[in-house]
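Understanding the architecture of this molecule
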Amino acid sequence: MILTVTMNPAYDMTYRMERFERGRAHRVLSVEQRIGGKGINVTRVLNQLGKYSRATGFADHVFASAAELELPVDFVHALPWVRRTVVISESGDGTATALWEPGARVGDPYAVEQLLVRVTGLLPNTGGMVIAGSLPGGVGDSVPARLARAALEVGVPTICDVDGRALELAAEVPGVILMPNRDELQRLTGTDAQTAADVVAVARPLLERGVRAVIATRGAEGMVAVTAAGAWSAALPEPIAGNPTGAGDAATAAVIAALAADAEPDWPALLADAVATSAAAVVIPVAGEIDRTLRDRLLPDVVVTELRTTQESSA
């Protein structure tokens, strides 16, 4: 089993229209609502890949009941209500505009401890864990790091896909894997890593402090993985047009699936699979779904390039 943790879930609303223009009324072509949140999206993709995954985190009773109809879930009922996220998807050119509500505040002072107990109880049957997304009010920035530490102490590979102070604290957990996007990596390191070589340079100090790997997602430019074994970039020859909202979650699903299957993965192969899986999510209008046929077709086309590390350059 692969466990995902989503502490600030959402009802994902997708409005499809031909073209969106500020300041005017629009006729919406179609609307879709589904339960969501980054970790939940990861669970969805994992289940499509044939990997059994269970989602936990915080929710209210209504959201948890709806989730149980679709996925294996085990939520702590600590939210008074669940927020919405809105994506305006334009069919004309594939542009997506997103609006994220902040969400409700967790008022139960024991909710975090309940979640820690819930996760700890599931770890013996867990092959990998993903902690993803924003934190609701009332939940401290240290909680993702505490969860990651608990998993890693019993040998469960763990990815933290969080931001801000929570990401800084997660980066202090020995053995953790970080999957920041370009903006998150800049906030973490204080440097705008424009090139793949820049990503390697800013990631190396994180590895020296104990992080197992940094896998940076770079949109149409692909991904960069930096590990103790080496560094690689991977991208498709031509980017795929579409809605990128769930692309990062799909990539996370591919990475944790590989880590759960092999404690010492083939990192270039893992990275190529993550790029292909991410691209297969872009063509789907909603997050948490992939085109599996497209993923299989794209995988041989992913170009993986080994990057020189700082140590190699100075040798």
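Use the structure listed above.
Below is a short write-up of the structure.

Calculation criteria
- Residues numbered from 1 in each chain as written.
- Predicted model: local features only at pLDDT ≥ 70, side-chain atom pairs only at ≥ 80, totals over all residues.
- Heavy atoms only, no water.
- Helix = DSSP H or I, 4+ residues; strand = E, 2+ residues; numbered from the N terminus.
- Polar contact = N/O pair within 3.5 Å; in protein donor to acceptor, adjacent residues only side chain to side chain.
- Contact = heavy atoms within 4.5 Å.
- Expected span 1.5 Å × (residues − 1).
- Bend = angle between axes of the 7 residues up to and from the residue.
- Pairing = 2+ DSSP bridges.
- Axes fitted to C-alpha atoms, helices over the stretch in contact; angles between N-to-C directions.
- Salt bridge = Lys/Arg side-chain N within 4 Å of Asp/Glu carboxyl O.
- Buried < 20%, exposed > 50% of the residue type's maximum accessible area, 1.4 Å probe, protein only.

**Quick look at the side chain of S53**
On the secondary structure map, S53 appears in strand β4 (residues 53–59). A distance of 3.0 Å separates the side chain of S53 from the backbone oxygen of I2, its partner in a polar contact. Here T43 takes part through its side chain, which lies 2.9 Å from a polar atom of the side chain of S53. Those residues in contact with S53 that sit more than four places away from it in its chain are I2, T4, T43, L46, N47 and P72.

**Points about helix α7 (residues 196–208)**
Between its first and last C-alpha, α7 extends 19 Å over 13 residues, near the 18 Å set by a 1.5 Å rise per residue. Of all the bends in α7, the greatest, near 25°, is centred on V202, and the proline P205 appears no more than four residues after it. Phi turns positive, to about 120°, at G210, one or two residues after α7.

**Here we look at the sheet that holds strand β9 (residues 158–161)**
As summarised here, the arrangement of the 10 strands in space is β5-β4-β1-β8-β9-β10-β11-β12-β13-β14, forming an open sheet in which the pairing is mixed. Looking at which strands have only one partner, the edges of the open sheet turn out to be β5 (73–77) and β14 (303–307). As paired elements, strand β13 (residues 230–235) and β14 share 5 bridges and run antiparallel to each other. Pairing of A235 across the sheet is with V303, part of β14. The sheet strands contacting helix α1 (residues 38–48) are β1 (2–6), β4, β5, β8 (128–132) and β9, and the helix crosses β1 at an angle near 155°. Here helix α9 (residues 267–282) sits on the sheet and contacts β10 (177–178), β11 (213–217), β12 (223–227), β13 and β14; the angle it forms with β13, its principal contact strand, is near 25°.

**Topic: the pattern of salt bridges**
Within this structure, the stated rule accounts for 16 salt bridges. Where R16 meets E32, a salt bridge forms, and the shortest distance between an N and an O atom there is 3.2 Å. Residue R16 is found in strand β2 (residues 10–17), and its partner E32 is found in strand β3 (residues 30–36); the two are separated by 16 residues along the sequence. Residue classification places R16 among the partly exposed positions, given a relative accessible area of 22%.

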